[in-house]
Amino acid sequence: MNPILIVGTGLAGYTLAREFRKLDKATPLALLTRDSGGFYSKPMLSTAIAQGKEAMALVTQSAEQMGAQLGATVRTGVEVASIETAARVVRLSGGESIAYSKLVLAPGADPIRIPLGGDAAGEVLSVNDVDDYARFRAAIRGRKRVAVIGAGLIGCEFANDLAAGGFEVDLIDLAPGPLGRLAPPEAGDFVRGGLAAIGVRFHFGSAPKSVDRDRNAVVLSLADGTRVPTDVVLSAVGLRPRTSLAQAAGLAVNRGIVVDRFLQTSAPDVFALGDAAEVDGLVLPYVMPIMQAARALAKTIAGEPTAVSYPAMPVVVKTPAAPLVVSPIPRGEGRWTCTTSPDGIRAECFDAESRLVGFALAGAAVAEKQALAKLVPGWLAAESPAA
Amino acid sequence: MNSTRTRVWQCIVCGFVYDEAKGLPEDGIAAGTRWEDIPEDWACPDCGVAKADFEMQLLAA
């Protein structure tokens, strides 16, 4: 029998393999990755600098160890060039073909980069996997200053981690404050205050334009004329699902690879999950949706078709200087109401029918996360798995 | 509470830290609860990984 083939060994690919092996110990399973295939905690990439962790310390298991543990073949350093869904074959860039019984695409996402001019624009880094983290660690070694472009979730986490690790941090965003797409302004202000208290400098409301070399440092110039002298520039302005392989194979693609609640793409026996997938209209690049999707898909490919359900999944913003938990509003909009007290913020978001659809808790109020999460309706409600 | 030293654990999937000394009172787990004594149906509050898959690593003893 041809193997179940998983493309990608990030959290999505490996978690699916692990969940599948709980249900089926015999069917051949193979995973392909273009990197070295080590298992690591992705959320820890933006909290590891203050702890002084090198990239190797984040990799808890090698590809070989994962393969042995999962009873799977893990092939590292291979690039998938094309997929032929009619023939049920994947072609590698070296020309080799691999036939599959079922194919799962878990290729992840690429960091979005805003266009920058200047003679040092090519030195701007992003951190979206452990190899990126290793490059970033090497770039900041012996340096004092980092400018972070993007004050969303990841940008704020890196700003906190770098400042706690002893770096001088400048945080830059076109928006008027941090976390504007995730949380109400009061929560953004709370995080801003916490980060300011550990020394982070802010430059809001102006777009970054260019990065130029200045002796052995660089200068980041903004549209309003501000010049931010720094040593290393880190870009953290969001992720774009990797869809090109799926698109070239003729699969339906929108913002992500389009899948239904069975994680099925528009082609038979081809599935997708993780940061690259758009599940019933939702692209959610967070850990918890991946875990939910992996559990459901493991059952489906083991022979028991199972629709994924998403409860409300609060996101912990890893900014210890200003603890924040947000239950985002995945669809539509809502009205925020905020209560601010000396030790934190409790913000609730209501839809047009006055139902609680999201919340943000900052400071001591984060302890209410579990209680409040139970009151928010699921994002993909549980329903009977009639296809 | 017994008198042995408490430990600190970290979820290898999401980085969540469980400090036995603090417990998780908001999750119904009293301060001082040892990792072994956490119910089997418990899941990581940050990433939802079940205790059986939790793969906690010891951060400090």
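Residues numbered from 1 in each chain as written. Chains lettered and ligands numbered in written order. Predicted model: local features only at pLDDT ≥ 70, side-chain atom pairs only at ≥ 80, totals over all residues. Heavy atoms only, no water.

Q: Now, about the side chain of S235 of chain A: what can you tell me, with residues and values included?
A: Residues and elements named next belong to chain A. Along the chain, S235 turns up in strand β17 (residues 232-235). Classification of S235 as buried rests on a relative accessible area of 6%. Not counting the four nearest positions on each side in its chain, S235 is found in contact with I112, R113, V124, L125, S126 and I149. (Helix = DSSP H or I, 4+ residues; strand = E, 2+ residues; numbered from the N terminus. Buried < 20%, exposed > 50% of the residue type's maximum accessible area, 1.4 Å probe, protein only. Contact = heavy atoms within 4.5 Å.)

Q: Run through the sheet that holds strand β8 (residues 97-99) of chain A, naming residues and quoting values.
A: Strands pair in a sheet through their backbones, by hydrogen bonds, and they do so in one of two ways: parallel or antiparallel. All names here are of chain A. Pairing in this open sheet of three strands is antiparallel, and the strands run β6-β7-β8 from one edge to the other. On the outer flanks of this sheet lie β6 (80-84) and β8, each paired with one strand and no other. On average, each strand axis in the sheet is tilted by 20° relative to the strand beside it, whichever way the strands run. Inspection of the sheet shows β6 paired to strand β7 (residues 89-92) by four bridges, in the antiparallel sense. Residue I83 lies in a different strand from β7, and its bridge partner there is V90. (Pairing = 2+ DSSP bridges. Axes fitted to C-alpha atoms, helices over the stretch in contact; angles between N-to-C directions.)

Q: Could you give me a rundown of the environment of D260 of chain A, with the residues and numbers involved?
A: All names here are of chain A. Inspection of the secondary structure assignment puts D260 in the loop between β19 (257-259) and β20 (270-272). On the basis of relative accessibility, which here comes to 33%, the residue D260 falls in the partly exposed class. Measuring from C-alpha to C-alpha, the distance between D260 and V308 comes to 9.0 Å, with 48 residues separating the pair along the chain. Here F262 takes part through its backbone nitrogen, which lies 2.8 Å from a polar atom of the side chain of D260. (Polar contact = N/O pair within 3.5 Å; in protein donor to acceptor, adjacent residues only side chain to side chain.)

Q: Which residues make up the interface of chain B and chain A, and what are the values?
A: With 17 residues of chain B at the interface, the matching set in chain A holds 21 residues. Between chain B and chain A lies a buried interface of about 1,500 Å² when both sides are counted; carbon and sulfur atoms form 48% of it. Counting the surface chain B buries against chain A, the share from its top three residues, I12, V13 and D46 of chain B, is 33%. Here chain B and chain A share two salt bridges between them. Across the pair D46 of chain B and K369 of chain A runs a salt bridge, and its minimum N-O distance is 3.1 Å. At the junction of chain B with chain A, the criterion picks out six residue pairs in polar contact (both at pLDDT 80 or more). A class-by-class count of the residues in the side of chain B that touches chain A yields eight nonpolar, four polar and five charged. (Buried area = accessible area lost by both parts, 1.4 Å probe. Salt bridge = Lys/Arg side-chain N within 4 Å of Asp/Glu carboxyl O. Nonpolar A, V, L, I, M, F, W, Y, C, P; charged D, E, K, R; others polar.)

Q: Quick rundown of unusual backbone geometry? Include the residues and the values.
A: Unusually for a residue other than glycine, L179 of chain A sits at a positive phi of about 60°. For L179 of chain A, a relative accessible area of 2% translates into the label buried.

Q: An account of the pairing of strand β23 (residues 324-327) of chain A is requested, with residue identities and associated values reported.
A: Within a regular strand, the side chains alternate between the two sheet faces. All names here are of chain A. Taking every second residue as pointing to the same face, both faces of β23 are buried, with L324 and V326 on one and V325 and S327 on the other. Across three bridges, the pairing between strand β22 (residues 315-317) and β23 is antiparallel. Within β23, the position partnered with V315 by the bridge is V326. The pairing of β23 with strand β26 (residues 356-363) spans four bridges and is classified as antiparallel. When the bridges of β26 are listed, V325 appears paired with L361.

Q: Hey, could you go over the domain arrangement of chain A for me, with residue numbers and the actual values?
A: Residues and elements named next belong to chain A. Per the domain assignment, the segments of chain A are domain 1 (4-110 + 239-301), domain 2 (113-235) and domain 3 (323-373). Once you take the C-alpha centre of each, domain 2 and domain 3 turn out to be 27 Å apart. Opposite the eight residues of domain 2 that make contact, domain 3 presents 12 residues. With both sides pooled, the region where domain 2 packs onto domain 3 buries about 740 Å², and carbon together with sulfur makes up 90% of that total. (Domains from an automatic or database assignment.)

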